[in-house]
Amino acid sequence: MALLVCKFGGSSVADINKIRRIADKLIAMKAQGHRIVTVVSAMGDTTDDLLELTREIGRGHDLRELDMLLATGEQQSASLLAMSLQAAGCPALSLTGWQAGILTDNVYSKARINDIDPIRIEQELDQGKIVVVAGFQGIAPNGDITTLGRGGSDTSAVALAAGMKAKHCLIFTDVDGVYTADPRIEPRASKLRQICYEEMLEFASVGAAVLQPRAAELAMNYRVEVEILSSFTEKPGTIITEVAKMDKVRTVSGVAHDLNVAKIAIFDVPDQPGIASKVFRALADNAINVDMIVQSQMKGDRNDIAFTIERQELSRALPLVETVVADIGAAGMAYGDDVAKISIVGAGMQSKPGVAADMFAVLAENGINIQMISTSEIKTSCIIEEAQTQKAVQALHQCFDLENES
Ligand code: ADP
Ligand code: ASP
Ligand code: MG
């Protein structure tokens, strides 16, 4: 019997009726002869509601306690789904991340999965049960509960699929696949029938929130065949697979936007070895990820350095950068969180010159100023003013003729 790992996102388990529908879907899959492990997210906006409670408490708590709290959201939905399965006559049980053997590092709130120990899951599957695993959580080497970052249930599912050598990993969500742009801001976006691992990883990393980037990375590294599909319809979804198995390799497969961006610039930095390392070491030591970095040659022996970080990290980053600015003798700094990152992604881009130039031209024609640029082999990203995000997505979508993709 083939093992299937499924995952249902927050909107798919938002209330008891929806949970019952998921239970029926899982029972039908089991009836087709599959062994089923399913991961669930917290119901609806539960994680946001829990975070709001902590804001009422104010600053001063540590991330360990935050993980203790946030992990409870997924435990609720996991047990409610197991109860619904039982009520429908199907043997089932729910497991927390640590009961399921999801072993992580000790970085609270952004833990990475180091290993999977599926012994308990295997035992329960052998007894004919559907095993429901609380997503987004694991256990650190010291026995503490950790969480995997926002959207982390995707990663729980792909990691279980990789660790248990599942035939497929099915990510059920509120859209019926990966689209050429976020359908919420580009209604003309079309569904991609296939996307290769490399594109999905880039697409997710630059803001296509339909899959957590770490899940895309694990799928690529372990060659897990993932399908993203709707919880509410029976339509086929988008298959994430090897580039060699793609029917066609597109130059541009999609446009993504990311509003979770803030920009910091440091002015008049001495042009000496070791300066950049001082700036970025301070951030790295505090687990603040830096995304784009631009260093511009200015007058004589002084540069400007500008970089982007996640918007919610801005208040933690500013005092660290202020200290470094004083330490290295820079003239000053500026920051802003009214920016967005807009990106085009496509596996065929690497063999076709001029794609980035086309992107810049479209932004210029639409009066959109580019503040920063970064590229990889299969992606070009620009930082623009946040207010122009939708206009930029729609203009790029049209320019690269993505309306009729599939
Ligand atoms: P879940 O709770 O099921 O994990 P998410 O909200 O995390 O669902 O992800 C699904 C959402 O991702 C969609 O509702 C959609 O708005 C957004 N999204 C962003 N970019 C894309 C894209 N390129 N294709 C499909 N969905 C996208
Ligand atoms: N509940 C968590 C979140 O809202 C994890 C997830 O949904 O994947 O980010
Ligand atoms: Mg998600």
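Everything numeric in this text was worked out from a predicted model, so none of it was measured.

Trainee: Tell me about the overall build of the protein, and please be specific about residues and values.
Mentor: Broken down by element type, the protein carries 11 helices and 20 strands. Taking 2.2 N^0.38 as the reference for a compact globule, 406 residues should give roughly 22 Å; the C-alpha atoms of the protein span a radius of gyration of 22 Å, in line with that estimate. Projected onto the principal axes, the alpha-carbon positions of the protein cover approximately 75 × 50 × 35 Å. When each of the 406 residues of the protein is scored for burial, the buried share is 53%. When contacts within the protein are restricted to residue pairs at least 6 apart in sequence, those whose partners lie at least 24 apart make up 75%. When the accessible area of the protein is evaluated, it comes to approximately 17,900 Å², of which 50% is carbon and sulfur surface. Taking the average location of the 38 positive side-chain charges in the protein and that of its 53 negative ones, the two points are 4 Å from each other.

Trainee: Go over the site of ligand 2 with me, naming the residues and quoting the values.
Mentor: Taken together, the neighbourhood of ligand 2 is formed by Ser-41, Thr-47, Glu-74, Phe-136, Arg-150, Gly-151, Gly-152 and Ser-153. Thr-47 is positioned such that a nitrogen or oxygen atom in its side chain is 2.7 Å from a nitrogen atom of ligand 2. Interatomic distance of 2.7 Å between a side-chain N/O atom of Arg-150 and an oxygen atom of ligand 2. Out of a free accessible area of 260 Å², ligand 2 has 86% covered by protein chains. Taken together, the residues of the shell around ligand 2 break down into 1 nonpolar, 5 polar and 2 charged.

Trainee: Kindly report on the pairing of strand β18 (residues 339-345), identifying the contributing residues and their values.
Mentor: Among the 7 residues that make up β18, 7 are buried, leaving the element largely enclosed by the rest of the structure. Here β18 shows two buried faces, one formed by Val-339, Lys-341, Ser-343 and Val-345 and the other by Ala-340, Ile-342 and Ile-344. Sheet topology note: the strand β13 (residues 254-258)/β18 ladder contains 5 bridges and is antiparallel. Paired with Gly-254 across the two strands is Val-345, which belongs to β18. Relative to strand β20 (residues 379-385), β18 runs antiparallel, the two sharing 7 bridges. For Val-339, the partnering residue across the bridge sits in β20 and is Glu-385.

Trainee: With reference to specific residues and values, describe the pattern of salt bridges.
Mentor: For the structure shown, the criterion picks out 22 salt bridges. A salt bridge links Asp-48 to Arg-150; the nearest nitrogen and oxygen atoms lie 3.1 Å apart. Here Arg-150 lies in the loop between β8 (145-147) and α5 (153-163) and Asp-48 lies in helix α2 (residues 46-57), a separation of 102 residues in the sequence. Of the residues examined, Asp-48 reaches a relative accessible area of 37% and is grouped as partly exposed. The shortest N-O distance in the salt bridge between Glu-124 and Arg-120 comes to 2.9 Å.

Trainee: Before we move on, could you go through the site of ligand 1 and cite the residues and values that matter?
Mentor: Near ligand 1, the surroundings consist of 17 residues, among which Thr-173, Asp-174, Tyr-179, Asp-182 and Arg-184 are the closest. Burial of ligand 1 by the protein chains amounts to 85% of its free accessible area of 570 Å².

Trainee: Lay out the sheet that holds β20 in plain terms, naming residues and giving numbers.
Mentor: Pairing within the open sheet is antiparallel, and its 4 strands lie in the order β13-β18-β20-β19. Because the sheet does not close on itself, it has two edges, and the strands there are β13 and β19 (372-376). The sheet shows a mean angle of 20° between the axes of neighbouring strands, direction not considered. Running over the sheet, helix α6 (residues 197-205) touches β13, β18, β19 and β20 and is turned about 170° from β18. Contacts from helix α10 (residues 355-365) reach β18, β19 and β20, with the element oriented near 20° to β20.

Trainee: Quick one: what's the story with the state of the cysteines, residue by residue and with numbers?
Mentor: Under the definition given, this model contains 0 disulfides. Free of any disulfide, Cys-6 has its nearest neighbouring cysteine sulfur in Cys-169, separated by 7.9 Å. What makes Cys-6 buried here is its relative accessible area of 0%. Left unpaired, Cys-90 is separated from the closest cysteine sulfur, that of Cys-6, by 12 Å.

Trainee: Help me get a handle on helix α4 (residues 119-126), residues and values and all.
Mentor: Every buried residue of α4 is accounted for by Ile-121, Glu-124 and Leu-125. Buried residues of α4, seen end-on, are gathered within an arc of 100° and therefore sit on one face of the element. Those residues of α4 that are exposed and aimed more than 90 degrees away from the buried face are Ile-119 and Asp-126. Where the residues of α4 are buried, they touch β1 (3-8), β2 (35-40), β3 (92-95), β6 (130-134) and α5. Two residues or fewer after α4 comes Gly-128, characterised by a positive phi angle close to 85°.

The rules behind these values
Residues numbered from 1 in each chain as written. Chains lettered and ligands numbered in written order. Predicted model: local features only at pLDDT ≥ 70, side-chain atom pairs only at ≥ 80, totals over all residues. Heavy atoms only, no water. Helix = DSSP H or I, 4+ residues; strand = E, 2+ residues; numbered from the N terminus. Rg over C-alpha atoms; globule rule 2.2 N^0.38 Å. Buried < 20%, exposed > 50% of the residue type's maximum accessible area, 1.4 Å probe, protein only. Contact = heavy atoms within 4.5 Å. Areas by Shrake-Rupley, 256 points an atom, 1.4 Å probe, with all protein chains shown as cover. Lys, Arg positive; Asp, Glu negative; His and termini not counted. Charge placed at Lys NZ, Arg CZ, Asp CG, Glu CD. Near = heavy atom within 4 Å. Polar contact = N/O pair within 3.5 Å; in protein donor to acceptor, adjacent residues only side chain to side chain. Nonpolar A, V, L, I, M, F, W, Y, C, P; charged D, E, K, R; others polar. Pairing = 2+ DSSP bridges. Salt bridge = Lys/Arg side-chain N within 4 Å of Asp/Glu carboxyl O. Axes fitted to C-alpha atoms, helices over the stretch in contact; angles between N-to-C directions. Disulfide = S-S within 2.5 Å. Arc of directions from axis to C-beta.

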